[in-house]
Structure formats: structure tokens, C-alpha cells
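What follows is the residue order along each chain.
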Amino acid sequence: MANTNLQFKTNYVVSSKIEPFYKGGKVQISKDEKFIFCTCGSRVNVLEISTGKIIHSVEHDDQEDITSFALSDDDEMLVTASRALLLKQWDWRQAQCTRSWRAIHTVPVASMVFDSTSTLLATGGCDGTIKIWDVVKQYCTHNLKGSSGVVHLVQFHPDIGRLQLFSSSLDCGIRLWDLSSSQCVFVLQSHYSAVTSLAFSPDGDTMVSSGRDKICTVWDLKSRKAKRTVPVYETVEGVVLLPENEDLSEIGVKSKELHFVTAGSKGVLRVWEASTARCVYTQSLSSVSLTEEDGEGRDDDPRSLTFLLHLPLSSRLATVTAEHNIVLYQLPALSTQQQFVGYSDEVLDVKFVGKCDSHIVVATNSCQLKVFELLTNSCQILYGHTDTVLSLDVFKKGFLFASCAKDRSVRVWQMDDDSGLVHCVAQGSSHTNAVGSITCSRIKASFIVSGSQDCTVKVWDLPADLSTTGADVHQLTARATEKAHDKDVNSVAVSPNDKLLASGSQDRTAKLWSLAGEGEVGLLGVFRGHRRGVWAVCFSPVDQVLATTSADGTTKLWSLQDFSCLKTFEGHDASVLKVIFVSRGTQLLTSGSDGLVKLWTIKTNECVKTLDAHQDKVWGLHGNRKDDKMVTASADSNITLWMDVTEVELAEEQAKQEDQILKQQELSNLLHEKKYLKALGLAISLDHPHTVLTVIKAIRQGEDSRELLEKTVLKLRVDQKESILRYCVVWNTNARNCQDAQAVLQVLLTHLPPEELLQYQGARTHLEGLIPYTERHMLRIGNLLQASMFLNYMWQKMRVAGAPSSTEQDEEMDTTPLARPFFTIDKEKGMDGGDEENGGGDDSDGGQDDDPKCPIVEEGDDEEVSVTRKASSNGGRVENGERSNTNGDHRSDSEESSEEEEEGGEEEKDQTAVSVMKCVPLSSTAQCQTLTS
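Residues numbered from 1 in each chain as written. Predicted model: local features only at pLDDT ≥ 70, side-chain atom pairs only at ≥ 80, totals over all residues. Heavy atoms only, no water.

**Focus on the overall build of the protein**
Within the protein, the regular secondary structure consists of 12 helices and 57 strands. Buried residues in the protein amount to 55% of all 933 residues. For the protein, the exposed area adds up to about 41500 Å²; of that, 48% sits on carbon and sulfur atoms. (Helix = DSSP H or I, 4+ residues; strand = E, 2+ residues; numbered from the N terminus. Buried < 20%, exposed > 50% of the residue type's maximum accessible area, 1.4 Å probe, protein only. Areas by Shrake-Rupley, 256 points an atom, 1.4 Å probe, with all protein chains shown as cover.)

The structure is reproduced here in C-alpha cells:
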């Protein structure tokens, strides 16, 4: 084996991640043009344009999807609307909610916008109504009715002195509302499909509207009539007026007339002259391989644009594509300046490229390649393949790499040393089925080898000079073609001296080939021993050894001399998908379908470290040339960069973990000794809500629990009381833990004056968050009390079979409820038991149920799945745009859970004990409402 005097790797830590930050919906850019705000499920992410990093993220406590949001014109306030019909106002720089209130809409909010003074907020609902809110004085000023269906567009006139609001809904008209009279004064009729955007001239007298009916309309707002209808022959999603005082002759603006830019289904920006309805400029996308005929009339093109935004300070335009990419163009040339990928779908392969491994190239479940600059996260999208790209490999110097795809072709790409721009320099296509694997020559860029689902391997010679001029691309011809296996070829690898080729197949074998002969590939031997298909093959960089991985969950090392198996590594619970050598051939890194990456030491045959890398199959695994970093990519859409840590760094990490363990042990000892005050303080210092809840439960289990809890909580410091109030909001969202939350809340509200409570950080927000859930809990308990009264009545009226009937008249009914006004919790038969049967949740930190986004999927037979089928045909892409609830069903998960618990409580009428929260002189709900009003 190789030199073992080297320092073995012992651990890797995550240095950075490239994660999905935008999955469709609204996008807005701050007025200072430094940040991009975009929705991602239940969060609004704030992307810093200069670094490409997510620096802030806001999320509703109930984790409901955010249906719309709006950033004020002064960049100070962010307001979000969720499916739970709550509006929340955020200090987004601190990621803190400063205020929340009910939206009044009966169904979710579909659109919202601030006026130019940042004092008025308009919300358009799926119920056809529009509300105007004064965010300074905190009340609803207008309730505008009359729209038909979902109000998907609201926009204030830029001149706030006119007090006008424009809106559009399903009837395709543009309603003009006079806010002084709260009346719709006019409906602008021109479009026959959804109106997507409005743009106003600087004087405010002209407006341009765009629609999905493939027209734009120029309006005279004084006469309220259409001046011009411009047919644009594509579905238009955004329109922007060009500034009048800039030289834009480079994009066809030759006069002082009004010009506007459109973005839509064709995926290009076009400039139009309003007075003549003539297109004066069409953006050129020379890198797109599809012909004009292929793209003509395709409204479902993944390159289609869904938003168009103007950045006047920097003279730029921003577009959002259907594939969730955000692209910034610089005026006047409309040249691409920056590009961010919001969602990458399933990531199938990844490789380091560029000078000093400054970039990574990524193959996702699409026909485009993405090249990320690691410093800024800015991305280039490479067009060329016409079907899903399956595999990548990079040449030694890092500026040249190859790709293969389901379109039966291979391509070679070159990165410019200075600019970092990448373009295709060569392509070849003679396979008869999908090409699932590719490898490059190791010594110099002289050839590539591909393996296909057609069971063959092909050797492609590269020209000596790969430089291209213009759009010319070298056409490659296969030097040799060999029927290599009986089933799909999943992996190919070239030896470090370029003389040997290894191939792994779905037929459970790996084979060794000679590349020395001209025009032919000679078989040298077969490696047999895997019980299922071989996923990956890799040569050792220093020894005559080959590593293979298989769907049988093992990794094997083979001798190239006699083709015998030297070692077998077992540890993955599922298929092992990739393997690479590190530490000069003395260690292995493997990744599998179980989402794990394992580090193995070859000499001792042991797993040194297991990295819990991803939540799904880790398809991509690659190390940089210095062997101190690696990158992994997974079907969970995440790309993770790892750094090899030194022993000192590892010791520091272990010290932190040991400190956490010691504190947990100390907490356990304190609870055993019933030193509850110290235990509660220690739990709060750990900042684990579930740990604090454990202490609260322990306190409430003992005798005189009420007095003990009161004594303990009141002795806490002010900052500790602030934390426990924050935890109460989390606990109160789960019916299983609401009694503990209410018990702590009773102590705080009873013994602390309102003035002191309101001084706590975020107290008003916390109390507002307690109100709706407390009302639901009280309603459920009231229903249980009513059920117990009925049960008591039935018990009094029952007659035992065979009893003497001497009683002349009914006994007087005892109407005393089974539940007492003040009593403690029944641990076995109270609300906890009902929640267990009706899905009330678990004792997790957040008090929420299991994540519905992580379903349990039974893994199929890996033997029937080859590398060319590792990506789904549709890619599971998230549909663009927000999901509107038009059926009026706006109940949150918590409300549905509460209703299920009510039904479960009524069915279990044989219980003779009912648990109810303790009554207080003034209910928690009432006190919260008093403090927050």
C-alpha cells in the first residue's frame, strides 16, 4: 500500500452550503438595491446581492406557508401574510416580529404592496376584497369590495396625493379605486387574460399594463382610455418603463418617445416603442442551443421569465425565470451581470473547476449545467444538452471538463482563465441510448471515455487545439467502441497513467481494459464479487488497486495484478453511490443512498468518521486538488462544501460537545436532587425549549406543584423570564404541552405588573401569539366540560337491571360537573391521552408534529435502477408561483388538530376525570389582549 507515514484525515466540518432559497412566488428588491427578498415555503429569505449569501430569514411561528409579503419603500418594514390568516410586521434585519394582527380576509392574502410613504399597506385576498391598513396607527382604513375572485395584483399610484389604488382580479379588468370615497370609480377594460404588472410614467399620467393575453396596453390616466394596444406575441409577466434621460441607443431607443421592456414566455427581454407599437430591440441569447423554431410559441419553456424588476440606482434590470433563477442585467447593453440559482432540484453530480478550485460545476435534474463561483455564489447557466445531464468529470488543470446526458451526447467545456466564463468547445453523439458516465484522461487533455445504457464504452479523441471561434464547436468522433457489459454501464474511470480503463455495470461486474492499442479497447480482466449492480469505480492514485461500490451496500478494493478482492468495507445501510481516494491513497471517502458520507482508513479497514451530510441520496462526491476540501451533492437539492479540520480544531469541537454532555448530566443530577431553580436556570442557559419544558414538567409532578412552580419561576432573573415567556409561546401551540405553558403563564401574568412585562424583549409579539391558541384550548376544554355534564346526567338516570322499582319518582339529579373548578392534571387520562390518540404532536423542541415534507419512502430494488435512471423525468420541480386557496378552506394545521381532539374527547365519554387548565382571576387570553391592546 501507499506511504502510511502521512497524517490521516480524521474529520470534516461544513465550511459552506448552497441551499434552495427561492421556490417560486413573489420577489422584491430593496430600494437601496443591496438585497433581494424572496419566498421559500414558510420563510422569506433575504439575499445579499454582493455576496450571494442568505443573511436573514423570517418565518412564522406556526410554520405556515407565506402567501405574500411586501417591503416598505424606506426598506424598514417587512410585512408577511400566511395561510393562517395572520399578518406579521418584521424588523427583518434582526429577524424579529414586532407586531402581528389578523388579516380580516376570510381566505389567504394573495397580493400586497406599500405606498410610497411607507404608511399604507394594501392587501388583496382570495376572497375578492382589498384591505388598506395604516401601519403607523395600526388599524384598517378601507375595505374595498367588488372584485371578482382572487385579487392577484394591487398597486398604489406613485403620486400619493391622488389617493388612488389599482387592482386586478379574475375578470381581467383593472379597477381604479378612489381611496377618499372608498369607491371603484372606473374599470379599465382591455385585457382578456390575467393582468400581470403595471408601470407608471414619471409624471403619473401614463400607465402601461401587461397581460397573459400577449398584449401590452398604454393608458392615458387623465381620460382613462387606452392610447395604444401593443401585440407582443408572448405571454407577458412583467413590464418596466425605460428612463428618459439616459442614452439607450444600444438597445434601439432612438427617440424621446415612451419605451418599455417586456419579459415573458420566450425568455428574452424586448424593448418596445409605445407610440408605434414596434419592437426596437430583442435580447440575444447566443448560448442557448435551441433554435428559434424550437422556442417559438412555447409558453412552458423553462427559460421563460416570471418577474421583471427595475433597479434605477444602478441602472439594471432583474428577471426571475421559471426555473427559479434570478438574473441581473446591466443597462444599456443588457449584459448579464449576476445570476443566482434559487432552486436546483435533485443534484446528480458535482466537480471542482477553475483556478485554485474557485468554482464548482453542478449537474441537476435538468438539461442545463450550473457553474457556481464559490466566493459570491453567482452562477453561470450552460445551455447545450437537450436532456438531463447525468455525469461530469474534470481534466487535471481544472479549466476543462466534460459532461454526458440522456440526450445520448457528450460535451467538453472550457473555462476562461481570466473572466471565468465557460463555453462549449466540443461535442459528440453516437451512442444509441442515454450516456450515464464519463471520465477524462489524467495526464493531459487528450481523450474522454463514456459509458452508456446501450452497454458500450466509447473512447473520444480530443483535437490538439480546443480553442473555438464564434459559435463553432468541434465535432468529436469515437476512436473506439466496445460492447463492454450485458447491462447498463454505470461508471467508467481512467488510470493515472492513461493506459487502463475500468468500467462498472448493472450486471454486477467491473472490468479492466487496456487503452494502449490504437483504435481498440482490450479486455484485461473481470472483477466478480458484488451481489448487486456496481455504481462506481475509481483507481488508486499511487497503488495498483481499484475501488468499486455497489448497490449491495459494500465497497471493495481489488488487485490489478490478479483481479482478487483485497478488502471489503461494510457500513452503509443502502447503495454506495460514489467513492474517491484521499490522503494519497491511504483512505477512502464513500457516499450512499442513506445520505451519509463515510471516511475509511484502508490499512485498518475501519470507518474513521461518518458525516451526516444530507437527507437523501448523495450522488455527487469530489475532492479538490490540494486534498483538503471536498464537495457533496444530493437529491435533497443541497450542495455542501466540507473542510478537513486539524487535530486542534477537532479538539475544540469535541470540547464543545463534551461540555454539552456535562451540562446535560448536571441537569439530570439537579432534577434528581429536586434543585429545581438551578435546574431551570441551567436549562434556559442551554437555550433548548424542550429541555426547559422537561424541568417544568418535573416541577409540576411533585406535591404542592402550584406553589413550587410559582416560587421557582419568580426567582429567575429578568433575562431568564424573557426566555421562558418566549418558550411558552412555542409550547402553547401544541395541545400536549399547553397546560405547562398556561401554568407558567399564569405565574407571570398574576405576579408581574403589565409595565414590567411589556419591557421584555418582544413581549407584545409573544403575548399576541398566545391569544389565538389559548382561545382554541379553552374552547376545547369547554366542550369537554359540556360532555362531562351530559355523562353525569346519563349516569343519574340509569337503572340497574333487576333493581327493585320501589322508587316512586326519580331521584333529584346531581348536576355537579365531574370536573372541579380548580384541580390538577390527570397524567394518564387528561388532554395528553387525547392528543396521543388524535395526533396532538410529540415532545419535540418546537412542539410541532413530524415534518410532512419528509415522507417515508420505501426504497425499490436497486438492481433494477441504473445510473441513467437516477433522475426523474419531470424532476419534481416546484411549480412557479404561489398556491392560492380558492376554496375558502383556510384552517391551519393547529385548528384541524384541535377539531380532531374535540371529536376524540367527545367519543371518550367513559372517562371519569377531565383535565382542565387552572382558572385564574383574569383569564390568560383576556390578560394577553389587555397587554397587547
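**Topic: the confidence of the model for the protein**
Averaged over all residues, the pLDDT of the protein is 82; the fraction at 70 or higher stands at 81%. Contacts for the low-pLDDT stretch residues 806-863, under 50 throughout, to residues beyond four places or in other chains number 98 contacts. Throughout residues 873-923 the model reports pLDDT below 50, and contacts reaching past four residues in sequence, or to other chains, amount to 104 contacts. (pLDDT = per-residue confidence, 0-100. Contact = heavy atoms within 4.5 Å.)

**Considerations on the packing of aromatic side chains**
Taken as a whole and judged by the stated rule, the model has 10 aromatic pairs. Aromatic pair Phe-35 and Trp-92: ring centres 5.4 Å apart, planes at 70°, arrangement edge-to-face. Pair noted here: Phe-35 is in strand 3 (residues 35-40) and Trp-92 is in the loop between strand 8 (86-91) and strand 9 (96-102), with a separation of 57 residues, a long-range link. Residues Trp-535 and Trp-619 carry aromatic rings whose centres are separated by 5.6 Å and whose planes lie at 65° to one another, so their mutual orientation is edge-to-face. With a gap of 84 residues between them, Trp-535 in strand 47 (residues 534-539) and Trp-619 in strand 55 (residues 618-623) connect regions that are remote in the sequence. For the pair shown, Trp-535 and Trp-619 are each scored as buried. Through pairs of rings, three or more aromatic residues link up here, namely Phe-35, Phe-37 and Trp-92. Sitting over the ring of Phe-69, Lys-26 keeps its end group 5.3 Å from the ring centre. Of note, Arg-99 hangs over the ring of Trp-101, and the distance from its end group to the ring centre comes to 3.9 Å. (Phe/Tyr/Trp six-rings, centres within 6.5 Å; stacked < 30°, edge-to-face > 60°. Lys NZ or Arg CZ within 6 Å of the ring centre and 35° of its normal.)

**Some points on unusual backbone geometry**
Here the residue pair Leu-331 and Pro-332 is connected by a cis peptide bond, since its omega of 5° sits within 30 degrees of zero. Within the secondary structure, Pro-332 sits in the loop between strand 28 (325-330) and strand 29 (335-341). Positive phi, normally seen in glycine, also occurs at His-324, with a value near 70°. Relative to the assigned elements, His-324 resides in the loop between strand 27 (316-321) and strand 28. We classify His-324 as buried; its relative accessible area is 2%. For Cys-455, which is not glycine, the phi torsion reads 75° and is therefore positive. With respect to the helices and strands, the residue Cys-455 is situated in the loop between strand 39 (447-452) and strand 40 (456-461). Here Cys-455 falls in the buried class, since its relative accessible area comes to 12%.

**Things to note about the packing of helix 4 (residues 689-701) against helix 7 (residues 738-751)**
It is the contact of helix 4 with helix 7, at a shortest axis distance of 10 Å, that shows an interaxial angle of 80°. Taken together, the axis directions place helix 4 and helix 7 in an arrangement best described as roughly perpendicular. Residue-level contacts link Leu-693, Ile-696, Lys-697 and Arg-700 of helix 4 to Gln-739, Asp-740, Ala-743 and Val-744 of helix 7. Broken down by class, the residue content of the contact of helix 4 with helix 7 amounts to four nonpolar, one polar and three charged. (Axes fitted to C-alpha atoms, helices over the stretch in contact; angles between N-to-C directions. Parallel < 35°, antiparallel > 145°, perpendicular 65-115°, else oblique. Nonpolar A, V, L, I, M, F, W, Y, C, P; charged D, E, K, R; others polar.)

**Details of a nonpolar patch on the surface**
On the surface, Phe-790, Tyr-793 and Met-794 cluster together to form a nonpolar patch covering roughly 290 Å² of accessible area. On the secondary structure map, Phe-790 appears in helix 9 (residues 763-797). (Patch = residues over 30% accessible without salt bridge, like charges linked within 9 Å, V, L, I, M, F, W, Y side chains within 5 Å. Salt bridge = Lys/Arg side-chain N within 4 Å of Asp/Glu carboxyl O.)

**Some words on the pattern of salt bridges**
Following the criterion strictly, the structure yields 22 salt bridges and no others. Across the salt bridge formed by Lys-9 and Asp-644, the nearest N and O atoms sit 3.3 Å from each other. Of this pair, Lys-9 sits in the segment before strand 1 (12-18) while Asp-644 sits in strand 57 (residues 639-644), placing them 635 residues apart in sequence. Lys-9 sits in the buried class, given a relative accessible area of 8%. For Asp-644, a relative accessible area of 24% puts it in the partly exposed group. The structure contains a network of salt bridges with shared partners spanning Asp-159, Arg-162, Asp-205 and Lys-222.

**A closer look at the sheet that holds strand 7 (residues 78-82)**
Taken together, four strands build an open sheet; the order of strands is 6-7-8-9 and the sheet is antiparallel. Strands with a single pairing partner mark the edges of an open sheet, and in this sheet they are strand 6 (66-71) and strand 9. Each adjacent strand pair in this sheet contributes to an overall mean axis angle of 20°, direction not counted. Sheet topology note: the strand 6/strand 7 ladder contains five bridges and is antiparallel. Note on strand 7: the bridge partner recorded for Ala-70 is Val-79. (Pairing = 2+ DSSP bridges.)

**A word on the nonpolar core**
Core analysis: the biggest nonpolar cluster contains 36 residues, and Leu-680, Val-692, Leu-709, Ile-724, Trp-731 and Val-744 have the highest contact counts within it. Only helix 2 (647-672), helix 3 (676-686), helix 4, helix 5 (705-714), helix 6 (718-732), helix 7 and helix 9 provide two or more residues apiece to this core. Discounting chain neighbours no more than four positions away, the residues touching Val-744 are Ile-696, Leu-709, Ile-724, Cys-728 and Trp-731. Counting 17 residues, the second largest nonpolar core, distinct from the first, contains Leu-248, Leu-305, Val-327 and Leu-331. (Core = buried A, V, L, I, M, F, W, Y, C linked by side-chain atoms within 4.5 Å.)

**A look at helix 4**
Its 13 residues place the ends of helix 4 19 Å apart at the C-alpha level, agreeing with the 18 Å of an ideal helix rising 1.5 Å per residue. What helix 4 keeps buried is the set Pro-689, Thr-691, Val-692, Leu-693, Val-695, Ile-696, Ala-698, Ile-699 and Arg-700. (Expected span 1.5 Å × (residues − 1).)

**A few points about the pairing of strand 40**
Consecutive side chains along a regular strand alternate between the two faces of the sheet. Counted residue by residue, strand 40 has five buried out of six residues, so it is predominantly covered. Taken together, the five bridges between strand 39 and strand 40 define a ladder with antiparallel strand orientation. Along strand 40, the bridge assignment pairs Ile-448 with Trp-460. The hairpin formed by strand 39 and strand 40 contains three residues between the paired strands, and Cys-455 there has a positive phi angle of roughly 75°.

**Focus on helix 6**
The end-to-end C-alpha separation of helix 6 is 21 Å, in line with the 21 Å expected for 15 residues at 1.5 Å each. Listed as buried for helix 6 are Gln-720, Lys-721, Ser-723, Ile-724, Leu-725, Tyr-727, Cys-728, Val-729, Trp-731 and Asn-732. Among the structural elements, helix 3, helix 4, helix 5, helix 7 and helix 9 are those in contact with the buried residues of helix 6.

**Description of the sheet that holds strand 5 (residues 54-59)**
Taken together, four strands build an open sheet; the order of strands is 2-3-4-5 and the sheet is antiparallel. Every other strand in the sheet has two partners, leaving strand 2 (27-29) and strand 5 as the edge strands with one partner each. Ignoring strand direction, the axes of neighbouring strands in this sheet form an average angle of 20°.

**Quick notes on the environment of Cys-40**
Inspection of the secondary structure assignment puts Cys-40 in strand 3. Owing to a relative accessible area of 6%, Cys-40 belongs among the buried residues under this scheme. Counting along the chain gives 302 residues from Cys-40 to Gly-342, while the straight-line C-alpha distance between them is 9.0 Å. Beyond its immediate stretch of four places on either side in the chain, Cys-40 contacts Pro-20, Phe-21, Tyr-22, Lys-23 and Asn-45.

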